[in-house]
Amino acid sequence: MKVEGDMDTARSHPGPLDHRVYPLTACVWFRKTGEDFGGLSNMAPGFPLLVSSILIGTTEAVYQALRFPHELDVQKMILEERSPMTAKMKSKPYRDRTRPDWEQVKVKVMRWALRVKLAQNWEKFGHLLESTGNLPIVESSRKDVFWGAKVDAEREALEGANVLGRLLMELREGLRKHPETLRVVEPPSIPDALLLGRPIERIFAPTSSEGGTASLPRQQAQLRLVG
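Residues numbered from 1 in each chain as written. Predicted model: local features only at pLDDT ≥ 70, side-chain atom pairs only at ≥ 80, totals over all residues. Heavy atoms only, no water.

S.K.: Run through the overall build of the chain, naming residues and quoting values.
M.R.: Of regular secondary structure, the chain possesses seven helices and twelve strands. Counting across all 227 residues of the chain, residues that qualify as buried make up 50%. Within the chain, residue pairs in contact and separated by at least 24 positions form 67% of the contacts whose partners lie at least 6 positions apart. Summed over its atoms, the accessible surface of the chain is roughly 11,200 Å², and 52% of this surface lies on carbon and sulfur atoms. (Helix = DSSP H or I, 4+ residues; strand = E, 2+ residues; numbered from the N terminus. Buried < 20%, exposed > 50% of the residue type's maximum accessible area, 1.4 Å probe, protein only. Contact = heavy atoms within 4.5 Å. Areas by Shrake-Rupley, 256 points an atom, 1.4 Å probe, with all protein chains shown as cover.)

S.K.: Explain the nonpolar core to me, using residue names and the numbers behind them.
M.R.: Residues Trp112 and Leu195 are the most contacted members of the largest nonpolar core, which totals 53 residues. At the level of elements, strand 4 (49-51), strand 5 (54-56), helix 1 (59-65), helix 2 (72-80), helix 4 (102-120), helix 5 (122-130) and helix 6 (163-177) are the ones that each hand at least two residues to this core. Looking at this core element by element, the count peaks at eleven residues for helix 4. Core analysis: the second largest hydrophobic core is formed by five residues, Tyr22, Cys27, Val138 and Leu158 among them. (Core = buried A, V, L, I, M, F, W, Y, C linked by side-chain atoms within 4.5 Å.)

S.K.: Explain the pattern of salt bridges residue by residue, including any values.
M.R.: Enumeration over the complete set of coordinates arrives at eleven salt bridges. One salt bridge in this structure joins Glu81 and Lys90, with 3.1 Å as the shortest N-O distance. Take Glu81: its relative accessible area is 22%, and that puts it in the partly exposed class. A salt bridge links Glu103 to Lys106, with the nearest nitrogen and oxygen atoms 2.9 Å apart. Of this pair, Glu103 and Lys106 both sit in helix 4, three residues apart, which is roughly one turn of that helix. Exposure remark for Lys106: the relative accessible area of 11% places this residue in the buried category. A network of salt bridges, in which partner residues are shared, links Asp18, Arg20 and Arg166. (Salt bridge = Lys/Arg side-chain N within 4 Å of Asp/Glu carboxyl O.)

S.K.: Talk me through the side chain of Arg20; I want residue IDs and the actual numbers.
M.R.: Along the chain, Arg20 turns up in strand 2 (residues 20-23). Looking at Arg20, its side chain comes within polar contact range of the side chain of Asp18, at 3.1 Å. (Polar contact = N/O pair within 3.5 Å; in protein donor to acceptor, adjacent residues only side chain to side chain.)

S.K.: Talk me through helix 4; I want residue IDs and the actual numbers.
M.R.: For helix 4, spanning 19 residues, the distance from its first C-alpha to its last is 25 Å, which sits close to the expected 27 Å at 1.5 Å a residue. Among the 19 residues of helix 4, 14 are classified as buried, and the element is accordingly described as predominantly covered. (Expected span 1.5 Å × (residues − 1).)

S.K.: Explain the environment of His19 to me, using residue names and the numbers behind them.
M.R.: Looking at the secondary structure, you find His19 in the loop between strand 1 (2-3) and strand 2. Along the chain, His19 and Ala161 lie 142 residues apart, while their C-alpha atoms are 4.1 Å from each other.

S.K.: Help me get a handle on helix 3 (residues 84-91), residues and values and all.
M.R.: Every buried residue of helix 3 is accounted for by Pro84, Ala87 and Ser91. Taken down its axis, helix 3 places every buried residue within 55° of arc, on the same side. Summarising the contacts, the buried residues of helix 3 are in contact with helix 1 and helix 2. (Arc of directions from axis to C-beta.)

S.K.: Would you mind going over the pairing of strand 8 (residues 157-160) in detail, with residue names and values included?
M.R.: Strand direction decides the pairing type here: strand 2 and strand 8, joined by four bridges, are antiparallel. By the bridge assignment, Val21 is partnered in strand 8 with Glu159. (Pairing = 2+ DSSP bridges.)

S.K.: Talk me through the packing of aromatic side chains; I want residue IDs and the actual numbers.
M.R.: Tallying each qualifying case throughout the model produces four aromatic pairs. Measuring from centroid to centroid gives 5.1 Å for Tyr63 and Trp102, while their planes differ by 55°, and the two rings are tilted. Taken together, the positions of Tyr63 in helix 1 and Trp102 in helix 4 put the pair 39 residues apart, joining distant regions of the chain. The same class applies to Tyr63 as to Trp102, namely buried. (Phe/Tyr/Trp six-rings, centres within 6.5 Å; stacked < 30°, edge-to-face > 60°.)

Quick look at the structure:
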């Protein structure tokens, strides 16, 4: 089991059994969206996404929707729900309709969703990533030790695979070293990357002349959530 020091860049593919230990005083961690680093959460509002002409409120919503590529009714329910947590809970009764390769593709889907979040909220989300410095980023969770890590009170640390945090660190490193490669987001490299029956399209970061991330809310009145 690895004990983290200053930084974990997630260079290797995160695995479910690759648990790590993050001292609480030597990492940036988040749990609630209202906290200082709460914007790193997939549940955080204020980071709208525009995917294949569909306006989506959070990365959590698009991630959950892609679990059901051929279930348009379930996808629509998830995308129309204003609360990402409620959308996640409402989708649970339909988990038996999850795409059969979900466990194999879910990390790819999450990596893609985070890249879209950055590309379409370049200044706001990019600044938040930069503000974490060189510290490990950890999602603190009470139960989930795959995407996040649980508090170990005895060690005064967070312990888990922390796959979401490691993907965020990977994104932070790319933003610093090769930002130009993050301004275009290709569709996720998985079969049946569909949203409301449409193939997911390539996504481009808005240029400054287009108004940056502020352009997305202004488009809301012109877009329909359903096709």
